[in-house]
Each structure stands twice: as C-alpha cells, then as structure tokens.
Amino acid sequence: MGTPKKTKKKQTPETQFHSSLTLCSKHKDLPSAISLYESAVSQKTHFNHHHFNTLLYLCSNSVSDPSLKQLALDNGFRVFNQMLSIGTLPNEATITAVARLAAAKGDGDYAFGLVKGMDKYNVLPRLRTCDPALFCFCEKLEAEKAYEVEEHMGMVGVSLEEPEIAALLKVSAETGNGERVYGYLHKLRNVVRCVGESTAKIIEDWFLGGVACELGEANWDSGGVKEAVLRNGGGWHGQGWIGKGVWDVRRANADMSSSQCCSCGERLVCVDIDCGETQRFAESVAALAMEREVKSNFSEFQDWLDKHAEYEAIVDGANIGLYQQNFADGGFSLSQLDAVVKELYNKSGEKWPLVVMHNRRFRGLVENPSHRKLIEEWMDKGILYATPSGSNDDWYWLYAAVKLKCLLVTNDEMRDHIFELLGSSFFLKWKDRHQVRYTFVKGNLQLQMPPPYSSVIQESEIGSWHVPVADDSCQEPARTWLCITRPSVSKASGEVSHNLETSRTGGVCRNLESLNSCTTEFVASHNEKTTVVTGKRKERSPSPSQLNLSSA
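Here the structure is a predicted model, which means the values were calculated and not measured. (Residues numbered from 1 in each chain as written. Predicted model: local features only at pLDDT ≥ 70, side-chain atom pairs only at ≥ 80, totals over all residues. Heavy atoms only, no water.)

Undergrad: Would you take a moment to explain the sheet that holds strand β12 (residues 481-485) for this structure?
TA: Sheets are built from strands that pair by backbone hydrogen bonding, the pairs being arranged parallel or antiparallel. Reading across from one edge, β1-β12-β11-β10 is the order of the 4 strands in this open sheet, with antiparallel pairing throughout. Among the strands making up the open sheet, the edge pair consists of β1 (248-252) and β10 (458-459). Here helix α11 (residues 197-208) sits on the sheet and contacts β1, β11 (465-468) and β12; the angle it forms with β1, its principal contact strand, is near 150°. (Pairing = 2+ DSSP bridges. Helix = DSSP H or I, 4+ residues; strand = E, 2+ residues; numbered from the N terminus. Contact = heavy atoms within 4.5 Å. Axes fitted to C-alpha atoms, helices over the stretch in contact; angles between N-to-C directions.)

What follows is the structure, encoded as structure tokens:
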C-alpha cells in the first residue's frame with residue numbers, strides 16, 4: 001500500500017500576496033503589482049515592511065519608462081503614505097525609493113526633505129539616498145540648493161564620487177560660478193585617477209566657454225604657486241585660476257620617454273603623497289597591523305626596520321615565488337625570486353632589496369639542501385626578513401615600503417580586506433608611485449617600474465591643466481589626455497619653449513628633485529633615468545630569519 005500524499009496546506013491571503021508580489025518584483029512587472037496591491041487593500045490584507053519596500057522599489061524603477069511613469073508616481077506616494085499612516089517606519093531603502101520618485105516628479109525639495117528628516121527614524125543616508133535631490137537640483141540649474149545638498153552630505157559622512165562631482169561641476173559651469181568650478185576640479189582630482197568621457201565633455205565645455213576666459217589673475221605670485229606645488233607633493237597648487245584670455249583645449253597623448261604632453265610640450269610630473277601624509281600613512285598601517293597581529297611581533301619588526309632603513313626596494317617574496325606555479329610540478333620558485341633580487345641590485349647601483357616572506361615559507365626553503373646556500377647568502381647580506389608564525393606578511397612588506405618611502409615589488413592588486421581598511425583614494429595614489437610589477441616571459445624577468453609621470457589630473461605652475469581620460473585599456477602611452485592651456489600665458493612664461501628645448505637636449509626637466517623630495521634615490525633614479533652609485537652597506541644586526549636558522 002503506497003504512502004498517502006500530504007494534503008497541501010492552504011495559503012493565507014498574506015502568504016498568497018507575498019509570493020505573488022515577489023514574482024512581480026522578479027519580472028519588474030509594475031502593473032500586476034499595483035493590481036495585487038489594490039486587491040490586497042480591498043481585502044484588508046496585512047502589509048509588512050518588505051511588502052511596502054518591494055512596491056516602492058518597483059515604482060521607483062519604473063519612472064524611466066514613459067508609459068509607466070505616471071502609474072509609478074501616483075501609486076508610489078500612495079504606498080508611502082499608507083506605510084506612514086499605519087506606523088511602519090521607513091528605512092534607508094524606503095527613503096531612497098521615495099526620493100527617486102520625488103526627483104522624477106521634479107520635486108528636489110521633497111527629496112531633500114526626506115534625506116534631512118532621516119534622523120527622526122534613526123536612519124543614516126547613503127550616497128544613493130542623496131543622489132536624487134542632488135541630481136534634480138543640478139538638472140534644474142538650482143545651483144545653491146545643490147550646494148546645500150553637498151554640504152549636508154559632508155555633515156552626515158557621505159562622500160562624493162565622480163558622477164556627483166561631475167553634476168556639481170556642470171551646474172557650476174552653466175551658472176558661471178568659476179570659483180566653484182575650480183574647487184570641483186580639485187575635488188575630482190582627489191577622487192578619481194582618470195575621468196570618464198562624459199565628465200571630460202563637461203570640462204571641455206567649461207574651458208571653451210566665455211566665462212572661463214575672463215577668470216584668473218594676470219599678475220600672480222609665481223613664488224607662492226611654486227611653493228604650493230612642492231608642499232602638495234607635485235601636480236597641483238590650488239591657488240586659483242592663473243592668467244587671463246582664451247583657453248586652448250585639445251586631446252593629446254603623452255610621450256613616455258620625455259613625460260611631455262605631445263600637444264603643448266609641458267612636462268607631466270610624478271604626483272606623490274607629501275611627507276606628512278606619508279608619515280601618517282605609515283602610522284595608520286602600523287596601528288592596523290598591531291590590532292590584527294601579535295603586537296610584540298610587529299613592534300619588533302618596527303624596531304628592526306628603524307635600524308636598517310637603507311633599503312630602496314621591498315620585495316613580496318611569496319607573490320614572486322608563487323608566480324605562475326599553478327601546474328602539476330609547481331611549487332615555490334626560488335629562482336624567480338633570485339632573479340628579481342639581482343635585477344633590483346643591478347638597477348639600484350648595487351643596493352640589495354629587502355625580501356619579506358613568512359617564517360613557514362622560510363623554513364621550507366632552508367630545509368631544502370638545494371636552496372639552503374642561497375638563503376644563507378641572503379641572510380648574510382641582510383636581504384631576508386621572515387615574519388613570525390601566525391602573522392600576515394602583507395602587513396610587514398606594506399609597512400616597510402611606506403615607512404622607508406621606497407619601491408614595492410609585487411603583482412598583488414592589494415584589494416582584499418586589509419587594504420580596504422586603508423582607504424581607496426589615498427592608497428591608490430601611493431600605489432601608483434611605489435608599486436613595481438613584474439612578468440616572466442619565457443623565463444626572462446621584466447620589471448614594470450612606476451610610470452615616469454602620474455595618470456591623474458594635473459595643474460601646472462602656469463595654470464594649465466592636463467586631464468587623463470579613462471578608456472578600456474587605461475594604459476599609457478595610448479591614453480588620451482585633455483590638454484588645456486592659455487597660449488598667451490605659456491608664451492609669456494617661456495615654459496613651452498623651455499620644455500621643448502629640454503626634450504631635444506635630453507636634459508632633466510624642472511623641479512623633479514623637489515617634487516620627489518620625499519621619495520628615495522631609487523625612485524628618482526628611475527624617473528630621471530640616472531644611475532645612483534653608493535658605498536658599501538654598513539654592518540647589520542641579524543634579522544629574525546638569521547637568528548632562527550640554527551634551529552631550522
């Protein structure tokens with residue numbers, strides 16, 4: 001006798017409504033969702049927080065469809081009002097959806113009012129919550145209201161990204177507020193490395209407009225501007241518009257060998273974080289490391305590094321040793337690591353780098369008779385530091401590179417959780433100037449040194465601008481740059497002719513030494529294509545890897 005089938009449990013009206021609404025959401029079917037809602041209201045079905053948010057999500061996502069926009073607006077606000085009337089408190093997703101509805105209706109004030117009132121629900125806004133009001137005011141050229149939204153975002157800890165800055169840049173340009181345009185160009189420089197094509201068009205339109213030609217100081221303090229450039233780490237001064245007259249806006253490439261713009265001849269520079277920022281960055285890395293590592297172990301490394309601060313390159317040993325070893329007989333390639341060490345030694349004028357690797361990896365190499373001799377040589381020369389068992393060697397090699405202001409050789413993209421703690425914008429700027437990548441082509445090492453100039457928005461001492469435009473490859477020298485100059489200012493300063501003559505004679509362009517004052521000789525020698533020859537390294541106290549050898 002077969003097992004009797006279970007009787008299917010009868011669904012309640014609430015359960016039926018929930019499952020049907022979920023299906024509508026999946027298929028983005030607003031009309032069916034509204035029909036369900038109407039039926040549920042007539043049957044006095046109980047609505048929970050999820051039901052309201054699902055309906056509001058569908059409404060806010062449908063306003064871009066002209067055939068559904070009015071249906072979405074009418075019912076979206078109706079759903080929100082019912083939600084409030086029965087005492088269901090909105091969350092951030094609720095406010096975001098209703099703010100989008102208000103903006104679609106052209107009511108930026110309502111959208112902004114929702115954001116400002118979120119504290120009464122004990123809810124914090126996110127970028128997406130503030131966007132509807134901000135973009136609505138910008139589109140309607142209500143610049144002062146847009147600035148008010150930006151100010152509120154800053155007060156609640158919401159950071160602008162490129163789309164928001166571009167919108168503020170555009171409304172400022174279209175309302176003729178040159179001071180705001182200048183400020184947003186610098187905010188954009190801080191947030192992105194390269195601008196998108198739509199942002200590039202906004203920038204082009206501003207400089208080609210009549211208002212931009214009238215702005216600027218005809219007689220500026222060149223000494224103060226130069227001092228500001230040096231203080232800021234190079235690539236910008238922030239002292240305001242320089243010169244007067246029409247702007248020449250072109251699209252051009254940069255010459256990798258001379259670091260010059262192929263259109264105006266001005267030299268692009270290396271933009272680094274300044275000395276103070278570097279010190280704070282090192283302190284931040286150390287503080288985070290000691291929160292997550294055994295404090296005494298990392299403190300010991302700090303003390304050791306203070307006594308051995310002459311390194312000009314730090315090497316991520318594990319990253320190089322394991323490169324392309326994901327095959328049957330693959331393991332840790334000491335030969336690859338040795339090739340990197342020797343290449344750095346030769347490039348730096350016979351200065352050994354510091355290789356950081358985990359103690360577990362170090363012991364494995366020492367126990368291998370074919371590897372032991374080389375490891376002993378490295379320890380004798382102070383090349384190797386083995387991090388303690390249970391540690392994350394990422395903290396050690398990163399701290400060393402930041403603290404010593406030197407190059408870091410690794411292909412690690414540095415995107416995992418420990419690097420996210422450091423802040424993306426600031427960290428990316430540091431990586432751009434200090435990370436050395438590598439490849440092995442048919443067994444031959446190729447080091448990819450930091451570029452001779454930074455692909456970031458640059459403002460020169462004579463007031464010109466160079467803006468890198470993002471593309472699919474994002475690689476120099478194929479990248480397109482906006483070259484924005486005032487020909488009259490360039491001619492008066494003699495800057496273009498000086499740079500072009502420097503390029504022809506093979507000399508080193510102006511201020512490189514000052515702009516790289518916080519970097520090591522190795523970075524400068526790469527950028528200037530010179531060779532630094534130094535004396536013999538002083539005697540070292542043994543690293544933990546040396547002390548542990550006898551017990552290996």
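Past the structure itself, the notes keep going.
Undergrad: Whenever I open this one, the pattern of salt bridges confuses me. Can you help?
TA: Pairs can form between side chains of opposite charge whenever their charged atoms are close. Scanning the model with the defined rule gives 19 salt bridges in all. Here E204 and R251 are joined by a salt bridge, their closest N and O atoms 3.1 Å apart. In this pair, E204 is assigned in helix α11 and R251 in strand β1, connecting sequence segments 47 residues apart. By relative accessible area, which is 14% here, E204 ends up buried. Linked by salt bridges that have partners in common, E92, R126 and R128 make up one network. (Salt bridge = Lys/Arg side-chain N within 4 Å of Asp/Glu carboxyl O. Buried < 20%, exposed > 50% of the residue type's maximum accessible area, 1.4 Å probe, protein only.)

Undergrad: Help me out: how do you make sense of unusual backbone geometry in this one?
TA: Residues apart from glycine generally show negative phi values, whereas peptide bonds are mostly found in trans. The phi torsion at K28 lies on the positive side, around 50°, for a residue other than glycine. Judged by relative accessible area, which is 56%, K28 ranks as exposed. The phi dihedral of K44 falls on the positive side, at around 55°, and the residue is not glycine. Structurally, K44 can be placed in the loop between α2 (30-42) and α3 (49-62).

Undergrad: Before we go on, may I ask you to explain the nonpolar core in this structure?
TA: Looking at soluble globular proteins, one finds that nonpolar side chains tend to be buried together. Core analysis: the largest hydrophobic core is formed by 76 residues, its most contacted members being I203, F207, W241, W465 and I484. A total of 7 residues in this core trace back to one element, the largest contributor, which is helix α9 (residues 162-174). Ignoring anything within four residues of it in the chain, the contact list for I203 reads L169, L185, L188, V467, L482 and I484. Counting 30 residues, the second largest nonpolar core, distinct from the first, contains F281, W304, Y385 and L398. (Core = buried A, V, L, I, M, F, W, Y, C linked by side-chain atoms within 4.5 Å.)

Undergrad: Explanation requested: the state of the cysteines in the structure shown.
TA: Structurally, a disulfide amounts to a covalent bond that connects the sulfur atoms of two cysteines. Under the defined criterion, the tally for this structure stands at 0 disulfides. Lacking any disulfide linkage, C138 is separated from the closest cysteine sulfur, that of C136, by 9.3 Å. Of all cysteine sulfurs in the structure, the one in C483 sits closest to C264, which takes part in no disulfide; the separation is 3.7 Å. (Disulfide = S-S within 2.5 Å.)

Undergrad: Can you help me understand the sheet that holds strand β9 (residues 444-448) in this one?
TA: A sheet is described by the order of its strands in space; here 6 strands give the open sequence β6-β5-β4-β7-β8-β9, paired in mixed fashion. Each of the sheet's edge strands pairs with one partner strand only, and the pair in question is β6 (384-387) and β9. Here the average twist between neighbouring strands, direction ignored, is 25°. Pairing of strand β7 (residues 407-409) with strand β8 (residues 435-441), which is carried by 2 bridges, proceeds in the parallel orientation. For L408, the partnering residue across the bridge sits in β8 and is Q435. Relative to β9, helix α17 (residues 334-347) is tilted by about 55°, and along the sheet it contacts β4 (313-316), β5 (354-358), β7, β8 and β9. Sitting on the sheet, helix α18 (residues 359-366) is in contact with β5 and β6, with an inclination near 100° to β5.

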